[in-house]
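Remarks on the overall topology
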Amino acid sequence: MTDVRFSRVRKAFGPVAALAGLDLEIRSGEFVSLLGPSGSGKSTTLNLLAGLLDADSGDITIGGARVNDLSPDKRDIAMVFQNYALYPHMTVFENLAFPLRARGRAFDETQIKTKVEAAAESLGVAALLARYPKELSGGQQQRIALGRAMVRDPKVFLLDEPLSNLDARLRIRMRRDIKALHDRIKSTIVYVTHDQAEALTMSTRIAVFDQGHLQQYGTPNQIYHRPANMFVANFVGEREINFVNGAIAAKDGKANFVADGLTLNLADEKRWRNLRAGKAVLGIRTEAIKATRDDTGVSAIVEQVELVGPELVVYAAVRSAQLSCRADLNADLKPGDKVRLTFDPAHFHFFEPDGGVSLAGIEA
Ligand SMILES: Nc1ncnc2c1ncn2[C@@H]1O[C@H](COP(=O)(O)OP(=O)(O)O)[C@@H](O)[C@H]1O
Ligand SMILES: [Mg+2]
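Residues numbered from 1 in each chain as written. Chains lettered and ligands numbered in written order. Predicted model: local features only at pLDDT ≥ 70, side-chain atom pairs only at ≥ 80, totals over all residues. Heavy atoms only, no water.

1. Brief notes about the site of ligand 1
This is how the line gets drawn: Each residue is tested against the molecule or strand, and it is near if at least one of its non-hydrogen atoms lies within 4 Å. As used in this structure description, the phrase polar contact means that two N or O atoms lie within 3.5 Å; if the pair is within protein, one of them must be able to donate a hydrogen and the other to accept it, and residues adjacent in sequence are counted only when both atoms belong to side chains. Surface accessibility follows the Shrake-Rupley procedure with a 1.4 Å probe radius. Residue values consider only the protein chains on display as shielding. Counting from the N terminus, the helices are the DSSP runs of H or I reaching at least four residues and the strands are the DSSP runs of E reaching at least two. Ten residues, namely Ala, Val, Leu, Ile, Met, Phe, Trp, Tyr, Cys and Pro, are considered nonpolar, four, namely Asp, Glu, Lys and Arg, are considered charged, and the remaining ones, Gly among them, are considered polar.
Looking at ligand 1, the residues that line it are Phe 13, Val 16, Ala 18, Pro 37, Ser 38, Gly 39, Ser 40, Gly 41, Lys 42, Ser 43 and Thr 44. Between ligand 1 and Gly 39, the relevant distance is 2.6 Å, taken from an oxygen atom to a main-chain nitrogen or oxygen of the residue. Interatomic distance of 2.8 Å between a side-chain N/O atom of Lys 42 and an oxygen atom of ligand 1. Coverage of ligand 1 by the protein chains reaches 58% of its 560 Å² of free accessible surface. Broken down by secondary-structure element, the contributors of at least two residues to the shell around ligand 1 are strand S2 (16–26) and helix H1 (42–50). Examining the composition of the shell around ligand 1, we find that three residues originate from one element, H1, more than from any other. When grouped by side-chain class, the residues that make up the shell around ligand 1 number four nonpolar, six polar and one charged.

2. Comments concerning the domain arrangement of the protein chain
Inclusion rule: Segmentation of the chain into domains, including their bounds, is taken from an automatic or database domain assignment. What makes two residues a contact is simply this: any of their non-hydrogen atoms within 4.5 Å. Summed over both partners, buried area is the accessible surface (1.4 Å probe) that two parts give up on being assembled. One speaks of a salt bridge when a side-chain nitrogen belonging to Lys or Arg is within 4 Å of a carboxyl oxygen belonging to Asp or Glu.
The assigned domain composition of the protein chain is domain 1 (4–235) and domain 2 (242–351). In this structure, domain 1 and domain 2 have C-alpha centres spaced 40 Å apart. Contact residues are listed per partner, giving eight residues for domain 1 and eight residues for domain 2. Note on domain 1 versus domain 2: buried area summed over both sides is about 800 Å², and carbon and sulfur give 59% of it. The interface formed by domain 1 and domain 2 contains zero salt bridges.

3. Considerations on the environment of Ile 112
Residue position: Ile 112 is located in helix H3 (residues 109–122). Spatially, the C-alpha atoms of Ile 112 and Ala 97 are 6.4 Å apart, while their sequence positions differ by 15 residues.

4. A word on the sheet that holds strand S8 (residues 188–193)
The test is simple: Strand pairing is assigned whenever DSSP identifies at least 2 bridges connecting the two strands. Axis angles are defined between N-to-C directions and span 0 to 180 degrees, where every axis is a line fitted to C-alpha atoms and, for a helix, only to the segment in contact.
As summarised here, the arrangement of the six strands in space is S6-S7-S8-S3-S9-S10, forming an open sheet in which the pairing is mixed. Of all the strands in the sheet, just strand S6 (77–80) and strand S10 (213–218) have a single pairing partner and so form its edges. Each strand of the sheet is rotated relative to its neighbour by a mean of 15 degrees, with strand direction disregarded. For strand S3 (residues 31–35) and strand S9 (residues 205–210), the ladder comprises four bridges, and the chain directions are parallel. Looking across to S9, one finds that Leu 34 is bridged to Ala 207.

5. Structural notes on the nonpolar core
Stated precisely, the cut-off is as follows: Within this scheme, the nonpolar core is defined by two criteria: the residues are buried Ala, Val, Leu, Ile, Met, Phe, Trp, Tyr or Cys, and they are joined through side-chain atoms within 4.5 Å. Between buried and exposed lies partly exposed: a residue is buried under 20% and exposed over 50% of the maximum accessible area for its type, with that area taken using a 1.4 Å probe on protein chains only.
In terms of nonpolar packing, the biggest core is built from 35 residues, with Val 116 and Tyr 191 touching the most fellow members. Elements with a contribution of two residues or more to this core: S6, helix H2 (92–101), H3, helix H4 (138–150), strand S7 (156–160), helix H5 (168–185) and S8. Ile 284, Ala 288, Leu 333 and Val 339 belong to the second-largest nonpolar core, a separate cluster that totals 33 residues.

6. Section: unusual backbone geometry
Backbone geometry at Asp 76 places phi at a positive 55 degrees, although glycine is not the residue there. By secondary structure assignment, the location of Asp 76 is in the loop between strand S5 (65–66) and S6. Residues other than glycine seldom take positive phi values, yet Gln 211 does so here, at roughly 50 degrees. Inspection of the secondary structure puts Gln 211 in the loop between S9 and S10. Owing to a relative accessible area of 60%, Gln 211 belongs among the exposed residues under this scheme.

Here is the structure:
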């Protein structure tokens, strides 16, 4: 059992509360991403788990045993950083063997060769063992850094933004590789990233942080489709979510969301039937609003158009509000065009205007 658990863990640097009472449990074999903007407390959490920082208070356990007072080398974890410094004067083989030769380890040369070759094989770098780091691409170097963590066969892998030095295409390839690696070796992985797409694609669960506070902990599906508050709704997603200030109001016995220039019927969506009347903020993603030249829907004026490959993203004005929407390529929209917007109520999110907490609907 290698569950990881944080209970009421606090860490401050002088006046800065880097972590404000964290409760988090990670099950054995899970791939958990710590996601959030810069300075939100992700690395602090990871470094506390690694033993590179001491908690001010609270308990950290690995496999049920409290590790607060254990030195890093006694915690049976392996860490990979953003700057995957390989030893330049050592071959790939020697870089991979290094943790096995470290003081206090008792592996003979045959065991070392077996472990190094197994790690190299599972990362697809077996052909590179005789090379030096300068003869490798960035992606290959990062794989070796992962391999160096793997050879020790630790209970828990900790990765802190390991892909952020790679170019965009390679990052997408590597996240598939890391996911496949996790599916194979099934170790517990705690992965720090500020990249929501990385977190969504690789994780079994995601912990979203802001300013030292855990905002939500859930599966990628829950985080994306059921954000707990406005921060999570806006941070997760390819682009900023649309927020519209308005109110839930009953009209002719039916629930509507009403804002300036906008009345959206909620009656057909079971989830929203029991929302109470009152002020609310609607959150709706670009992909859930469609702009067309049809003659039904909310009237709007196109202000900007972006080509995003398979379709268009259109920024359209509804009175004083601007909403990002999607449109078909062949709609051929230009700034100034009149359009109609149709909204998908299944993808509405409603939040309290004060504090931004989700007004969760009934689960269908
Ligand atoms: N060694 C340190 N000394 C002082 N402040 C620190 C130190 N490490 C982190 N902090 C502060 O703690 C907060 C959280 O930092 P960190 O956990 O590194 O954020 P993240 O990894 O999410 O970008 C930030 O405000 C950061 O400036
Ligand atoms: Mg960090």
